[in-house]
Amino acid sequence: MIVIPAIDLRQGNCVRLTQGRKDAATVYDGDPVKVAEGFERDGARMIHVVDLDGAFSESNGRNREVLRDLVGAVSIPVQFGGGLRGAKDVEQVISLGVDRVVIGTLAVESPELLAKFVGLFGADHLAVGIDARNGQVMTRGWETEEQMTALTLAQRVAAAGVERIIYTDVSRDGMLTGVNIDQTCLVAETSGLKITASGGVASLNDLELLRAVSHRGVDSVIVGKALYEGRFTLPDAIAICA
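Reading the values: the criteria
Residues numbered from 1 in each chain as written. Predicted model: local features only at pLDDT ≥ 70, side-chain atom pairs only at ≥ 80, totals over all residues. Heavy atoms only, no water. Helix = DSSP H or I, 4+ residues; strand = E, 2+ residues; numbered from the N terminus. Rg over C-alpha atoms; globule rule 2.2 N^0.38 Å. Buried < 20%, exposed > 50% of the residue type's maximum accessible area, 1.4 Å probe, protein only. Contact = heavy atoms within 4.5 Å. Areas by Shrake-Rupley, 256 points an atom, 1.4 Å probe, with all protein chains shown as cover. Lys, Arg positive; Asp, Glu negative; His and termini not counted. Charge placed at Lys NZ, Arg CZ, Asp CG, Glu CD. Phe/Tyr/Trp six-rings, centres within 6.5 Å; stacked < 30°, edge-to-face > 60°. Salt bridge = Lys/Arg side-chain N within 4 Å of Asp/Glu carboxyl O. Polar contact = N/O pair within 3.5 Å; in protein donor to acceptor, adjacent residues only side chain to side chain. Core = buried A, V, L, I, M, F, W, Y, C linked by side-chain atoms within 4.5 Å. Pairing = 2+ DSSP bridges.

With that out of the way, let us pick up the overall build of the chain. The helix and strand inventory of the chain stands at 11 helices and 12 strands. The C-alpha atoms of the chain give 16 Å as radius of gyration, which agrees with the globular expectation for 242 residues (18 Å, within 12%). A principal-axis box enclosing the C-alpha atoms of the chain has dimensions of 40 × 40 × 35 Å. Out of the 242 residues in the chain, the part that is buried amounts to 57%. Relative to all contacts within the chain whose residues are 6 or more apart in sequence, the contacts with residues 24 or more apart total 69%. When the accessible surface of the chain is summed, it comes to about 9800 Å², and 45% of that surface belongs to carbon and sulfur atoms. With 24 positive and 32 negative side-chain charges, the chain shows a separation of 1 Å between the mean positions of the two kinds.

Once that is clear, we can look at the packing of aromatic side chains. Going through the model one piece at a time under the given rule, you end up with 2 aromatic pairs. Ring geometry for F39 against Y228: centres 6.3 Å apart, planes inclined by 75 degrees, an arrangement best described as edge-to-face. Taken together, the positions of F39 in helix α1 (residues 32–41) and Y228 in helix α10 (residues 225–228) put the pair 189 residues apart, joining distant regions of the chain. For the pair F39 and Y228, one class covers both residues: buried. Relative to F121, the ring of F117 lies with its centre 5.5 Å away and its plane at 80 degrees, an arrangement referred to as edge-to-face. Taken as a pair, F117 and F121 lie in helix α6 (residues 112–121) at a separation of 4 residues, close to a single helical turn.

The next subject is the pattern of salt bridges. By the definition in use, this model includes 7 salt bridges. Of the charged contacts in the structure, one is a salt bridge between K34 and E37, with a shortest N-O distance of 3.8 Å. Residue K34 and its partner E37 are both found in helix α1; the two are separated by 3 residues, about one turn of the helix.

Here N63 lies in helix α3 (residues 61–73). Separated by 2.7 Å, the side chain of N63 and the backbone nitrogen of G12 make a polar contact.

The nonpolar side chains of a soluble globular protein tend to be buried with one another. The biggest cluster of nonpolar side chains holds 70 residues, and the ones touching the most others in it are I7, F39, V49, I165, L207 and V223. Residues within four places of I7 in sequence aside, it is in contact with C14, P32, V35, A36, F39, I47, H48, V49, V50, L70 and Y228. With 7 residues, the next largest nonpolar core counts I4, A6, M46 and I166 among its residues.

This brings us to the pairing of strand β1 (residues 2–10). Most of β1 sits out of view: 8 of its 9 residues are buried. Of the strand pairs in this sheet, β1 and strand β12 (residues 218–223) are connected by 4 bridges, and their pairing is parallel. For I2, the partnering residue across the bridge sits in β12 and is S220. Relative to strand β4 (residues 47–51), β1 is paired through 4 bridges, and the arrangement is parallel. Within β4, the residue paired with A6 across the bridge is H48.

By themselves, these observations are geometric and do not establish any function.
In structure tokens:
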């Protein structure tokens, strides 16, 4: 199982939100580029970057500048999402050197584009982020609840030719209360796709529990706040999941 450290960008700063609420942001010291370089030194094989301003449909030019600098500073792949609403947005970040783009809201609002994107950019360079609260899909920076379940969306995503889902339990994100393993595995089994777990990792024990279900399709995990709060180190997390 691969551990993917997260960098969330808001107005060019490295932050973490609580349950995705933009009014509950903690700004962490440190240049996001330096943070990324530190993750690479500590053994990360990929970095997950989110443009929170873009996700909230706010001006995000500063975040794109940081993304460009960050991609140029590390040699490992960067996975990026947040505010990607069309082909031009995806093309732009791929041109910056992003290895894998994460589509969220667009997968719900414009499902016909999903298969087109797979054809344009390749399944290896595309993932769909399914963010849910109580099993219902959340979009537009987790501010809109859709009349669709995460399992229904997972089936639609699989039918479009996507190979990976990043599943986030919004109610647990940033809360350090543990991953919703049962729902994550259900998404994996319903879709038949590779799943990256996200939201709620608080301890090395959480990672051990995830590793134990890796045979069910959960092959990676995104870790954010627990690293920033010093709950454990990235090398220790990687060792647990190896």
